[in-house]
Amino acid sequence: MGQLKANNKEVVHEEDGNIVVINTCGFIDNAKEESVNTILDYVNKKNNGEVDKVFVTGCLSERYKPDLIKEIPDVDQFFGTTELPVLLQALGADYKHELIGERLTTTPKNYAYLKISEGCDRPCSFCAIPLMRGKHISTPIEKLVIESKKLAANGVKELILIAQDLTYYGLDIYKKRNLANLLRELVKVDGIEWIRLHYAFPTGFPIDVLEVMKDNPKICNYLDIPLQHISDTVLKSMRRGTTEKKTNKLLDLIKKSVPEIAIRTTLIVGYPGESKKDFELLKSWVKKTRFDRLGCFAYSHEENTHAYNHDDNIPKGVKQQRVNEIMEIQSQISWELNQEKIGSKYKVIIDRKSGNYYIGRTEHDSPDVDNEVFINAQNIYLKIGEYVNVVIDEASDFDLYASIID
Ligand code: SF4
């Protein structure tokens with residue numbers, strides 16, 4: 001979008017224009033279905049004369065281009081994940097190499113996702129991402145600092161660091177895990193007040209990051225570390241390079257190093273061969289560990305992955321039942337943890353206003369996936385993107401209700 005703007009093209013996000021570019025996901029069944037439905041909706045609009053052209057890019061297009069060309073011929077052109085210059089050309093624009101970090105964001109003004117590397121070198125058996133995004137390539141620290149300064153100049157106060165694998169950052173270009181040094185540079189960027197870490201792979205997690213997090217108030221006490229499972233049999237088959245014992249040791253170390261930390265994880269249930277015993281172990285571990293945030297997904301059998309060689313032997317209904325059981329346990333934990341917050345004080349960033357409420361987040365909450373803090377808007381005026389101090393008055397499973405304090 002930044003490239004198009006620099007070519008004097010008007011760009012809108014999720015509003016209709018005359019040329020539509022659909023950025024697709026091709027990761028698991030649900031995402032593929034959503035992407036295909038979106039393409040079909042816009043092809044219909046094209047056939048009704050509501051839009052002139054439909055272009056499709058992103059992971060689904062990278063993974064299934066020949067099939068898509070055959071199945072949905074009314075799309076004007078499909079592009080792979082590395083074909084941005086070709087896509088720009090089709091839109092009548094030139095790729096400008098000099099535009100380091102020049103972006104148009106689609107998130108609320110106060111936060112932005114900062115992608116610190118692309119691709120992944122891990123061998124996780126269930127995962128199709130390396131097939132679509134290629135090998136791990138870290139973006140150098142200097143470029144990320146430039147991008148962050150530009151984002152801050154446009155009003156961004158919170159950087160949400162993402163990558164397929166944050167843990168691996170730097171190994172390719174600096175020959176060492178370098179996330180801690182990147183953080184030390186990013187905290188110096190004027191205007192950035194929060195930096196949040198998503199998608200840290202557990203194996204080889206750089207422990208020095210915890211020190212930076214503890215010492216620097218700008219690094220949110222928050223870590224998203226997808227653990228996927230806890231049974232050694234399943235972890236081994238998933239090729240995660242870790243075990244139950246190592247995982248628990250790492251979690252203990254994280255909590256001991258940063259006692260205030262909120263840990264988010266994601267799990268996969270219904271993986272080929274996941275026995276009742278494996279699943280019961282997972283449930284009791286979730287109960288015992290009491291993650292602050294947790295998401296659970298049903299295994300999706302993806303062609304050309306290592307796990308595709310196994311029999312996808314857990315019926316769909318059982319997979320969903322297992323997802324439901326884990327999420328029920330987590331709802332109860334989340335409710336209990338939220339009740340403990342009543343009476344506590346937090347710094348909150350205001351993301352938006354909806355009806356009678358301003359809606360914000362604490363440093364322990366990432367947008368879209370975690371708790372939100374609701375502040376009654378009837379007698380106060382707050383600016384979007386403003387930080388305020390609140391006290392929590394009430395709490396439900398996934399929402400907090402708060403009043404402003406000085
Ligand atoms: S680390 Fe993440 S992106 Fe990389 S292969 Fe494993 S699950 Fe996929």
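Since the model is a prediction, treat every value here as computed from it, not as a measurement.

Draft legend 1. Inspection of the overall build of the chain at higher detail. A count of helical and extended segments in the chain gives twelve helices and 16 strands. A compact globule built from 406 residues should have a C-alpha radius of gyration of about 22 Å, and the chain, at 22 Å, falls within 12% of that. Each principal axis of the C-alpha distribution contributes one length, and for the chain these read about 55 × 55 × 45 Å. In the chain, which comprises 406 residues, the share counted as buried stands at 48%. By sequence separation, contacts in the chain at least 24 residues apart represent 72% of the contacts at least 6 residues apart. In the form shown here, the chain has an accessible surface area of approximately 20,000 Å², with 48% of it arising from carbon and sulfur atoms. Positive and negative side-chain charges of the chain, numbering 54 and 61 respectively, have mean locations separated by a distance of 5 Å.

Draft legend 2. Examining the nonpolar core more closely. Grouped together as the largest cluster of nonpolar side chains are 55 residues, with contacts concentrated most on I116, L161, L182, L183, I195, W285 and I326. In this structure, I116 is in contact with S138, T139, L144, L161, I162, A163, L166, Y169, L179 and L182, ignoring residues within four places of it in sequence.

Draft legend 3. Here's a closer look at the site of the ligand. With respect to spatial proximity, the complete set of residues near the ligand consists of C120, R122, C124, F126, C127, I129, P130, Q164, F201 and R240. Its residues placed into classes, the shell around the ligand shows seven nonpolar, one polar and two charged.

Draft legend 4. A look at the state of the cysteines. Under the defined criterion, the tally for this structure stands at zero disulfides. C59 forms no disulfide, and the closest cysteine sulfur to it belongs to C25, at a distance of 6.1 Å. Of the residues examined, C59 reaches a relative accessible area of 10% and is grouped as buried.

Draft legend 5. A look at the packing of helix α2 (residues 29-47) against helix α3 (residues 59-71). Viewed as axis vectors pointing N to C, α2 and α3 meet at an angle of 80°, and their least axial separation amounts to 11 Å. Viewed along their axes, α2 and α3 adopt a mutual orientation that is roughly perpendicular. When α2 is examined against α3, the residues K32, S35, V36 and I39 are found in contact with a partner set consisting of L60, R63 and Y64. Residues of the contact of α2 with α3, tallied by class, amount to four nonpolar, one polar and two charged.

Draft legend 6. How the structure looks around the packing of helix α10 (residues 244-257) against helix α11 (residues 276-289). Running from N to C, α10 and α11 cross one another at 10°; their axes reach a closest spacing of 13 Å. Considered as vectors, α10 and α11 are oriented roughly parallel to each other. Of the residues in α11, those in contact with E244, T247, N248, L251 and K255 of α10 are L281, W285 and T289. Split by residue class, the contact of α10 with α11 holds three nonpolar, three polar and two charged.

Draft legend 7. Layout of the sheet that holds strand β16 (residues 399-405). With mixed pairing, five strands are arranged side by side around a closed barrel as β12-β13-β14-β16-β15. Across the sheet, the axes of successive neighbouring strands diverge by a mean angle of 55°, strand direction being ignored. Of the strand pairs in this sheet, strand β15 (residues 387-395) and β16 are connected by six bridges, and their pairing is antiparallel. In the sheet register, E394 faces β16, and the bridge partner there is Y401.

What counts and what doesn't
- Residues numbered from 1 in each chain as written.
- Predicted model: local features only at pLDDT ≥ 70, side-chain atom pairs only at ≥ 80, totals over all residues.
- Heavy atoms only, no water.
- Helix = DSSP H or I, 4+ residues; strand = E, 2+ residues; numbered from the N terminus.
- Rg over C-alpha atoms; globule rule 2.2 N^0.38 Å.
- Buried < 20%, exposed > 50% of the residue type's maximum accessible area, 1.4 Å probe, protein only.
- Contact = heavy atoms within 4.5 Å.
- Areas by Shrake-Rupley, 256 points an atom, 1.4 Å probe, with all protein chains shown as cover.
- Lys, Arg positive; Asp, Glu negative; His and termini not counted.
- Charge placed at Lys NZ, Arg CZ, Asp CG, Glu CD.
- Core = buried A, V, L, I, M, F, W, Y, C linked by side-chain atoms within 4.5 Å.
- Near = heavy atom within 4 Å.
- Nonpolar A, V, L, I, M, F, W, Y, C, P; charged D, E, K, R; others polar.
- Disulfide = S-S within 2.5 Å.
- Axes fitted to C-alpha atoms, helices over the stretch in contact; angles between N-to-C directions.
- Parallel < 35°, antiparallel > 145°, perpendicular 65-115°, else oblique.
- Pairing = 2+ DSSP bridges.

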